Structure formats: structure tokens, C-alpha cells
Amino acid sequence: MDNVAQVQCPYCFEVVEIVVDPATRGELIQDCEVCCRPWRMLVRRRRDGSPLVTVERAQ
């Protein structure tokens, strides 16, 4: 199972590859590796267990 997801930073628009722990689900906050601004990430899982990650600006 692949635990890597590509997301686009909602601030600097860089595409960043992130590794998601297999047990991670739900909402969390993470900083962008490029611009260091905070993301609000929502991690869901597909039927095969691979991560489906969406990001938006954290408040």
C-alpha cells in the first residue's frame, strides 16, 4: 500500500509530496515544507487503504 500523497500548498502553490502514517485519518495541522505556513489537512482512506489528502489554509 502506498502511503505517499501529493498536495498543493494553498499559499505558495508548490506541489509537495507527503508521507502519511498508515493509521492517520481525520483532520490535522501541518506546515508547508516550502513556505512554512500552516495547512489544515483532511486525511481519508480509499478502499485499498491509500491516503486521500486535501489541504486548505489553516485559520
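Residues numbered from 1 in each chain as written. Predicted model: local features only at pLDDT ≥ 70, side-chain atom pairs only at ≥ 80, totals over all residues. Heavy atoms only, no water.

**Notes on the pattern of salt bridges**
Should the charged atoms of two oppositely charged side chains come close, the side chains can pair. All told, the structure shown has two salt bridges when counted by the stated rule. Note that Glu56 and Arg40 form a salt bridge whose closest N and O atoms lie 2.1 Å from each other. Here Glu56 is found in strand β5 (residues 51–57), whereas its partner Arg40 is found in strand β4 (residues 38–45), with 16 residues between them in sequence. Via salt bridges that share partners, Glu27, Arg40 and Glu56 belong to a single interconnected network. (Salt bridge = Lys/Arg side-chain N within 4 Å of Asp/Glu carboxyl O. Helix = DSSP H or I, 4+ residues; strand = E, 2+ residues; numbered from the N terminus.)

**With respect to the state of the cysteines**
All told, the structure shown has zero disulfides when counted by the stated rule. Sulfur of Cys32: no disulfide; nearest cysteine sulfur belongs to Cys9 and is 3.8 Å away. Overall, the relative accessible area of 2% leaves Cys32 in the buried class. Between Cys36, a free cysteine, and Cys35, which holds the nearest cysteine sulfur, the sulfur-to-sulfur gap is 6.7 Å. Judged by relative accessible area, Cys36 falls into the exposed class, the value being 56%. (Disulfide = S-S within 2.5 Å. Buried < 20%, exposed > 50% of the residue type's maximum accessible area, 1.4 Å probe, protein only.)

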